[in-house]
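If you want the building blocks of each chain, they are given just below.
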Protein chains: 2
Amino acid sequence: MKRIIRVNARTGKITEQTATPEEQRIGGRHFIAHILNTEVPPTCEPLGRKNKFIISMGLFADTGVSTAGQLSIGGKSPLTGGVKESNTGGFAGKRITNLGIKAIIVEDLPDENVTQVLYISRHKMELIKMPELKGELVSQTFLILRERFGSKVGLICIGPAGEMKMHAAGVASVDDSGIQVRYAGRGGLGALLGSKGIKAIVINDDEQMKTDFYDPILLKETVKKIAIALLEDPKSKNRKLYGTLDIMDMANTVGLVPTRNFSVGTYEACKEMTGPKFSDMVKERGGSGRSGTPCVPGCTIQCSNVFPYKNGEKVVASLQYESLALLGPNLDIPNLETIGELNHLCNEVGVDTIEIGAALGVAMEAGVYPFGDEEGAKDMIRQIGKGTFLGRILGQGAAFTGQAFGIRRVPVVKGQAMPAYDPRALKGNGVTYATSPMGADHTAGNAFETIRTNDPLGTANQVYNSRQLQIRAAILDTIGVCLFTRPAFVRYPELLTNLFKAKFGWDISFEETRYLGAEVLDLERKFNEKAGVSEKYRQIPEFMREEPLPPNNEVFDIPQEEMEGIWNIPIRTDVF
Amino acid sequence: MKRIIRVNARTGKITEQTATPEEQRIGGRHFIAHILNTEVPPTCEPLGRKNKFIISMGLFADTGVSTAGQLSIGGKSPLTGGVKESNTGGFAGKRITNLGIKAIIVEDLPDENVTQVLYISRHKMELIKMPELKGELVSQTFLILRERFGSKVGLICIGPAGEMKMHAAGVASVDDSGIQVRYAGRGGLGALLGSKGIKAIVINDDEQMKTDFYDPILLKETVKKIAIALLEDPKSKNRKLYGTLDIMDMANTVGLVPTRNFSVGTYEACKEMTGPKFSDMVKERGGSGRSGTPCVPGCTIQCSNVFPYKNGEKVVASLQYESLALLGPNLDIPNLETIGELNHLCNEVGVDTIEIGAALGVAMEAGVYPFGDEEGAKDMIRQIGKGTFLGRILGQGAAFTGQAFGIRRVPVVKGQAMPAYDPRALKGNGVTYATSPMGADHTAGNAFETIRTNDPLGTANQVYNSRQLQIRAAILDTIGVCLFTRPAFVRYPELLTNLFKAKFGWDISFEETRYLGAEVLDLERKFNEKAGVSEKYRQIPEFMREEPLPPNNEVFDIPQEEMEGIWNIPIRTDVF
């Protein structure tokens, strides 16, 4: 996993280099931060010649660690204007590592509008013009690609939203069956790929490269121990049984579920959307319905589901907590089928469910359609795909929609919509939203897990906790595993250091892994500072400091100054 | 002129204070920068509770100096996110000074959507609900206000664009006849007033305050000398004869006229739009047509015109160079009547002609309507007024429109559209656009006057010249006179110091007036730095550094680093 592929979108030239020893030491999110800091001018236009679209594999992506097939995708974000790493499952990541590829970097811009596919196999790399894909929805794009390149290739693509350079556009990936569609959704990276004139990336790993590990036996043993630790962990068990909806009950009880454009924190119908109830429904309906399925090959957590209609036909796969909350309660839509359909439409059009859920909430507040209008919500997402004038507003995300309609209640930080944890009811997440170099992003440091140990409505410890959680998230995104593997490392920190030893032969202490996480954040902050999008300038929206959120009737009240001090908080080195 | 009026848009309470001696020393643009720095958090939301809408009179607004009736309007700009001062003629300014009012500051936000009029007379100040004005076009708004308050009141208002909080919305003012409509157009200050729920401001000066001058005789003498100096000046003469179109011939010859969305620098039809030809046409058509009319009472320059149809009916008053270039050549529209109609429509809807001309150019490049489609252009402006989805895109300005349609050729700096001087053919203006705290704004330091003495295509002296021109502009905006009075002070610098002596009794040297200008810029930069919108982060658009502009085929090539050094350039104290 030492190959770095560079694609020039203007000349069509594809070159390859071998990662330097220094580059080999960094992966995933860390590698993206490094490339941005060394090769991309921080103030450049995100959709201009100087920005780069980066796919970067995590340090352990080529190992058998559970969830390690994830892809990190990055670049300067069109949405936030800052550094961006967004990761996703799907089967392409594994195939990229099977070709020994560490990173793919797409540079410059084509001179003309083109619809191209980047094809990569062991001995061939090329940009193939495929005008027949222009404007196609995501499922149809995958279908056409499968027909042409066979069913055993890794596939990544954008929908029409990415082609139209909409800032809410994500990058889709898929499993080999074509059922599980996953997204590197956040930050508008679909627009970045679209700006390069690339509609899809096809990875053919028929011929694979050999992998070389320092201590294959220790690696195998560690991988196994991680798998067992995850299987034993109650959280992982619940995730397999109930998916990410496992947290719905608690989220609704705590009062942090975004409802009617972040104006309330609980929603009656959520009681019918809990993990167990959802899982029972899936089982009862049968047909294509599934719980406990993986999104990357070899994942033992298997939090994905296939949500079916009553007749067993697939609505969407997978329905997750954040998408459900933003497309359901946030739009006053209690109907699970409709929510699933909205999610599916987002997947088809190629947009982030969180960003678009928030944008639709803002549009409903503006009266484009009334809250609760299920057909109206569908129509709005379809219009994004068609690029109507309304679609071109919504497809740019919540902040843009708020500006267009003169709405003040717009739940964004750094131009990016907040995920399904209202910061007035989970103040730790407000800190993460406000300070993370990624903008409002729960995966950058989710304080939900602290709810039982630290009053989510209080201001105490929130900045401290966010600091530690952000470091952990940065480590996981760098080694290239899903956030859901954390219970294994929390319980057995030596598993993390063993991974470094087994794969690379490095004697890295657990403390050093914590410093590694902090270093990634520092690199990202450095880029954002130079880009002018630091937490000093992009703050929690004022309405959240003014409007109390029912039912707790709390405002977000952690002082800006305290949050700006987050980087001075000591790095905890005793826990993961 | 010591009264400072504060209006709380939430409570409706109107209070008054007397300017402190320190406050009395600062006026116009300087006063706005001072209030922003001391009372408005730089990172606040421009349309939120913490921003303030400020009307500020220049230091000599209550004197008889030619053009001194101008209004400075300011606040944190919704469009640029930074400091903003935009000034305009009209008859309201004089009336404000007749009431001894130095500034009007509107604070906070109303709790509900309201349509109010701020009424100010000597003994009465109130917010009057006038729901009948909601959504009305500007001319109709003035008409209704005149019917209610009489024809001898000063009037300021916003159009539907401002009410919808569109970021291209300006603030309109008018003369007593209702013919000359002028705009504080730049920076979206119409949206700021709209956010406060105020549709119009009515100034009744039936009962006036006495003015007190330190040396009335010296003042009278100085005012007279300024008038004579202006009358003698060939530039002023040409402005009276030909209006601002006086520069069209040179602009087109030099190749800086924005054409087809800033893709070319000359336009065939401009040869028929020169000052003399336009003036002849106006004379020939007769009827309501006029050249050489004032926009503020007592102006001796009188650069305004009334542009008539062939039948003598008014198309628009006044047609100016920048509006003409952005709404004509920039849209590939050669027809003067159509350009005048587009200008009139902008005035009616309440948007900045420069921002909207640029936005329409971008939209035409995106294919919303083809270049040259005259009816299409009209339709787009009408849609802004109606708040259709397309209108809500365009009404936010060129940058927003570019993002919505995925267009890279977007002529903006700090989110604000460039006026009619392409910086690739007049590089000094590129420096001003890139470094002025105001964003792309020719009035902040227009290098057009250096064309004969400094190669406009060369990089030499451009940063130096812009520095000196920006200082001069800041002085003029602070003392409250039009940029066109500069010939008087260039020729007779002592007239400037005499003004200070005569009105205030201050012995201020000419050098000190230059430092005053620099101080205003420093204050503004300080605010912008804290708001995160300094020239470090908001730069000349990349396409202007990549695409050569015909016919000179030059790119903008003044290094960013050199421009960032502008503030270290010594202040010239020997010329105005």
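Because the structure is predicted, anything quoted here is derived from the model rather than measured.

## Looking at the overall build of chain A
(1) Moving on: For chain A, the helix and strand inventory stands at 23 helices and 17 strands.
(2) Moving on: C-alpha atoms of chain A, sized along the principal axes, occupy 55 × 55 × 50 Å.
(3) Moving on: The 576 residues of chain A split such that 61% are buried.
(4) Moving on: Partitioning the contacts of chain A with sequence separation of at least 6, the portion at a separation of at least 24 is 72%.

## Quick look at the relation of the copies chain B and chain A
In this structure, two copies of a chain are linked by a rotation about an axis accompanied by a shift along it.
(1) Moving on: Superposition record for chain B on chain A: RMSD 0.0 Å, screw rotation 180°, translation along axis 0.0 Å. In the structure described here, the two chain copies are related by an operation that fits a two-fold rotation axis.
(2) Moving on: With an isologous cut-off of 70% or more, the 100% of interface residues of chain B that recur at the interface of chain A puts this contact in the isologous class.

## A closer look at the sheet that holds strand 14 (residues 304-308) of chain B
Residues and elements named next belong to chain B.
(1) Moving on: Taken in spatial order, the three strands make up an open sheet running 13-14-15, and their pairing is antiparallel. What marks the edges here is a single partner per strand, and that holds for strand 13 (290-293) and strand 15 (314-316). Averaged over neighbouring strand pairs, the angle between their axes works out to 35° when direction is ignored.
(2) Moving on: Of the strand pairs in this sheet, strand 14 and strand 15 are connected by two bridges, and their pairing is antiparallel. If you follow Phe307 over to strand 15, its bridge partner there is Val316.
(3) Moving on: Its contacts with the sheet put helix 10 (residues 275-285) on strand 13 and strand 14, and the angle it makes with strand 14 is roughly 55°.
(4) Moving on: Against the sheet, helix 12 (residues 336-349) makes contact with strand 14 and strand 15, and its axis sits at roughly 70° relative to strand 15, the strand it touches most.

## A look at unusual backbone geometry
In terms of backbone geometry, most residues other than glycine have negative phi values and most peptide bonds are trans.
(1) Moving on: For the bond from Ala317 of chain A to Ser318 of chain A, the omega torsion is 5°, close enough to zero to count as cis.
(2) Moving on: With respect to the secondary-structure elements, Ser318 of chain A resides in the loop between strand 15 (314-316) and helix 11 (321-327).
(3) Moving on: Omega for the peptide link from Pro550 of chain B to Pro551 of chain B comes to 0°, which places this bond in the cis form.
(4) Moving on: For Pro551 of chain B, the position within the fold is in the loop between helix 22 (542-546) and helix 23 (560-564).

## Describing the environment of Trp567 of chain A
Residue and element names in this part refer to chain A.
(1) Moving on: Within the secondary structure layout, Trp567 lies in the segment after helix 23 (560-564).
(2) Moving on: Accessibility expressed as a C-beta count within 10 Å gives 14 for Trp567, which makes it partly exposed.
(3) Moving on: Taking the C-alpha atoms as reference points, Trp567 and Val520, 47 residues apart in sequence, are found 12 Å from one another.

## Details of the sheet that holds strand 6 (residues 101-107) of chain B
Residues and elements named next belong to chain B.
(1) Moving on: Read across the sheet, six strands follow the order 2-1-6-3-4-5 without closing on themselves; strand pairing throughout is mixed. Only two strands of the sheet have a single neighbouring strand rather than two, namely strand 2 (14-18) and strand 5 (83-88). Pairwise comparison of adjacent strand axes, ignoring direction, gives a mean angle of 20° for this sheet.
(2) Moving on: The pairing of strand 1 (residues 3-8) with strand 2 spans five bridges and is classified as antiparallel. Looking at the pairing, Arg3 lines up with Thr18 of strand 2.

## Observations concerning the pairing of strand 5 (residues 83-88) of chain A
Residue and element names in this part refer to chain A.
(1) Moving on: Summarising burial for strand 5: six of the six residues are buried, a large majority.
(2) Moving on: A two-sided burial pattern is seen for strand 5, the buried positions comprising Val83, Glu85 and Asn87 on one face and Lys84, Ser86 and Thr88 on the other.
(3) Moving on: Direction of pairing for strand 4 (residues 71-76) relative to strand 5: antiparallel, over a ladder of six bridges. Following the sheet pairing, Gly75 is matched in strand 5 by Lys84.
(4) Moving on: Connecting the antiparallel pair strand 4 and strand 5 is a turn made up of six residues, with Gly81 showing a positive phi of about 80°.

## Thoughts on the interface of chain B and chain A
(1) Moving on: Across the boundary between the two partners, chain B contributes 24 residues, which contact 24 residues of chain A.
(2) Moving on: Looking at the side of chain B that touches chain A, the element that brings in the most residues is helix 15 (residues 389-394) of chain B, giving four residues.
(3) Moving on: Here the side of chain B that touches chain A is built from residues that sort into nine nonpolar, eight polar and seven charged.

## Here's the deal with the packing of helix 2 (residues 28-39) of chain B against helix 21 (residues 510-531) of chain B
Residue and element names in this part refer to chain B.
(1) Moving on: The N-to-C vectors of helix 2 and helix 21 enclose an angle of 30°; their axes lie 9 Å apart at closest approach. Like other packed secondary-structure pairs, helix 2 and helix 21 cross with a definite hand, here left-handed. Contacts from Arg29, His30, Ala33, His34, Leu36 and Asn37 in helix 2 reach Val520, Leu523, Glu524, Lys526 and Phe527 in helix 21.
(2) Moving on: Of the residues belonging to the contact of helix 2 with helix 21, the class tally is five nonpolar, three polar and three charged.

## Remarks on the environment of Val351 of chain A
Residue and element names in this part refer to chain A.
(1) Moving on: When you line up the elements, Val351 lands in the loop between helix 12 (336-349) and helix 13 (353-365).
(2) Moving on: For Val351 and Met166, which are 185 residues apart along the polypeptide, the C-alpha to C-alpha distance reads 8.5 Å.
(3) Moving on: The residues touching Val351, leaving out its near neighbours within four places in the chain, are Ala161, Met166, Ala168, Ala169, Gly170, Cys346, Ile356, Ile384 and Gly395.

## Some thoughts on helix 12 of chain A
In an α-helix there are 3.6 residues to a turn, and that puts residues three or four apart on one side.
All names here are of chain A.
(1) Moving on: Under the 1.5 Å per step criterion, the end-to-end length of helix 12 is 20 Å for 14 residues, consistent within 8% with the ideal 20 Å.
(2) Moving on: Counting buried positions along helix 12 yields eleven of 14 residues, so the element is predominantly enclosed.
(3) Moving on: For helix 12, the full list of buried residues reads Ile339, Gly340, Glu341, Leu342, Asn343, His344, Leu345, Cys346, Asn347, Glu348 and Val349.
(4) Moving on: Just past helix 12, the residue Gly350 takes up positive phi, approximately 95°.

## Re the nonpolar core
(1) Moving on: One finds Leu155 of chain A together with Leu155 of chain B to be the most contacted residues of the largest nonpolar core, which totals 363 residues.
(2) Moving on: Every residue in contact with Leu155 of chain B, bar those within four places of it in the chain, is listed here: Ala92, Phe142, Leu145, Ser173, Val174, Ala200 and Val202 of chain B.

## Quick notes on the confidence of the model for chain A
(1) Moving on: On average, chain A scores 97 in pLDDT, and the residues at 70 or more come to 100%.
(2) Moving on: Two summary scores accompany this predicted model of the complex, namely pTM at 0.98 and ipTM at 0.97.

## Here we look at the packing of helix 8 (residues 234-242) of chain A against helix 10 (residues 275-285) of chain A
Residue and element names in this part refer to chain A.
(1) Moving on: Close contact between helix 8 and helix 10 brings their axes to 8 Å; oriented N to C, the two are set at 40°. Relative to helix 10, the element helix 8 is oriented oblique. Of the residues in helix 10, those in contact with Asn238, Leu241 and Tyr242 of helix 8 are Gly275, Pro276, Phe278 and Ser279.
(2) Moving on: Counted by class, the contact of helix 8 with helix 10 contains four nonpolar, three polar and no charged residues.

## Here we look at helix 20 (residues 494-504) of chain A
Residues and elements named next belong to chain A.
(1) Moving on: Within helix 20 the residues assigned to the buried category are Leu495, Leu496, Asn498, Leu499, Phe500, Ala502 and Lys503.
(2) Moving on: Of the surrounding elements, those touching the buried residues of helix 20 are helix 7 (216-232), helix 19 (486-491) and helix 21 (510-531).
(3) Moving on: A positive backbone phi angle near 85° is found at Gly505, which sits one or two residues after helix 20.

## A word on the environment of Gln70 of chain B
Residues and elements named next belong to chain B.
(1) Moving on: Within the secondary structure, Gln70 sits in the loop between strand 3 (53-57) and strand 4 (71-76).
(2) Moving on: By C-beta crowding, Gln70 is classed as buried, having 28 other C-beta atoms within 10 Å.
(3) Moving on: The spacing of Gln70 and Phe60 is ten residues in sequence and 10.0 Å in space, taken between C-alpha atoms.
(4) Moving on: Excluding residues within four positions of it along the chain, Gln70 makes contact with Gly58, Asn87, Thr88, Gly89, Gly93, Val296, Gly480, Val481 and Cys482.

Parameters at a glance
Residues numbered from 1 in each chain as written. Chains lettered and ligands numbered in written order. Predicted model: local features only at pLDDT ≥ 70, side-chain atom pairs only at ≥ 80, totals over all residues. Helix = DSSP H or I, 4+ residues; strand = E, 2+ residues; numbered from the N terminus. Buried ≥ 20, exposed ≤ 12 C-beta atoms within 10 Å, placed from the backbone. Contact = placed C-beta atoms within 7 Å. Least-squares fit on C-alpha atoms with pLDDT ≥ 70 in both. Pairing = 2+ DSSP bridges. Axes fitted to C-alpha atoms, helices over the stretch in contact; angles between N-to-C directions. Nonpolar A, V, L, I, M, F, W, Y, C, P; charged D, E, K, R; others polar. Left-handed = near helix turned anticlockwise from the far one by under 90°. Expected span 1.5 Å × (residues − 1). Core = buried A, V, L, I, M, F, W, Y, C linked by C-beta atoms within 7 Å. pLDDT = per-residue confidence, 0-100. Parallel < 35°, antiparallel > 145°, perpendicular 65-115°, else oblique.

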